Amino acid sequence: MVTDNDEPIIVGRSASPGRVEGEVIFIIDEDGLENVNDTHIIVTKMTDMNMLAAMRLASGVVTAEGGMLCHAAIQSREFKKPCVVGAGEDVWIKLTPKQRITIDGSTGKIYA
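Residues numbered from 1 in each chain as written. Predicted model: local features only at pLDDT ≥ 70, side-chain atom pairs only at ≥ 80, totals over all residues. Heavy atoms only, no water.

A. Region of interest: helix α2 (residues 71-79). For α2, the set of buried residues is Ala72, Ala73, Gln75, Ser76 and Phe79. Looking at the buried positions of α2, the neighbouring elements they touch are β2 (13-16), α1 (52-57), β5 (60-63) and β6 (83-85). (Buried < 20%, exposed > 50% of the residue type's maximum accessible area, 1.4 Å probe, protein only. Helix = DSSP H or I, 4+ residues; strand = E, 2+ residues; numbered from the N terminus. Contact = heavy atoms within 4.5 Å.)

Okay, structure coming up:
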C-alpha cells in the first residue's frame, strides 16, 4: 500500500484523477491489445483510437508523451480511469512487464 510519504519512481503529469494499483502491460503497437484486462495498467508512448476498448478495460493508463489535452488524458477522464501522461522515456527503463505499480492520476506520480 502506497502512502503519501513514499517516493515515486517516476513523475509525469496529472491527467485524470484517482489512484490505482495494477500490473504493467506495455503496448507498443496494436499487438497485445486483446490481452488487456482490468488488472492491467497500460504503459505506452501515446494512445490512439484503436486502443479505446483496451483503455476502457484497463485500471489505468501511463504514457511516455503527451499533456492534459492528449488522447490518453481526454479518454481516461471520460472513462473515469486514473492517468499519468508525459512520464518520459523512464517508463521503458524503470518499469517492467507484469510489475505491480500504483499510479496517482491526481499528482502524476508512479510508485513501485
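B. Expanded view of the packing of aromatic side chains. As enumerated under the stated definition, the model contains 1 aromatic pair in all. Pairing Phe26 with Trp92 gives two aromatic rings, centres 5.3 Å apart and planes at 45 degrees, and the pair type is tilted. Highlighted residues: Phe26 in strand β3 (residues 19-26) and Trp92 in helix α3 (residues 90-94), separated in sequence by 66 residues. Classification of Phe26 as partly exposed rests on a relative accessible area of 21%. (Phe/Tyr/Trp six-rings, centres within 6.5 Å; stacked < 30°, edge-to-face > 60°.)

C. Examining a nonpolar patch on the surface more closely. Where nonpolar side chains cluster on the molecular surface, the patch consists of Met68, Leu69 and Ile74 and spans about 320 Å² of accessible area. Assignment of secondary structure puts Ile74 in helix α2. Looking at Ile74, the relative accessible area reads 40%, which means it is partly exposed. (Patch = residues over 30% accessible without salt bridge, like charges linked within 9 Å, V, L, I, M, F, W, Y side chains within 5 Å. Areas by Shrake-Rupley, 256 points an atom, 1.4 Å probe, with all protein chains shown as cover. Salt bridge = Lys/Arg side-chain N within 4 Å of Asp/Glu carboxyl O.)

D. Up close: the pattern of salt bridges. One pass over the full model with this rule turns up 4 salt bridges. With a closest N to O distance of 3.0 Å, Arg19 and Asp104 form a salt bridge. Here the residue Arg19 occupies a position in strand β3, and Asp104 occupies one in strand β7 (residues 100-104), the gap between them amounting to 85 residues. Its relative accessible area of 36% is what places Arg19 among the partly exposed residues.

E. Representation of the sheet that holds β5. Pairing is mixed across the open sheet formed by 8 strands, whose spatial order is β1-β8-β7-β3-β4-β5-β6-β2. Either end of the sheet is taken by a strand with one partner, and the two such strands are β1 (10-11) and β2. Two strands pair when backbone bridges link them, and β3 and β7 are joined in this way by 5 bridges, in the antiparallel orientation. For Glu23, the partnering residue across the bridge sits in β7 and is Arg100. (Pairing = 2+ DSSP bridges.)

These figures capture arrangement, not role.
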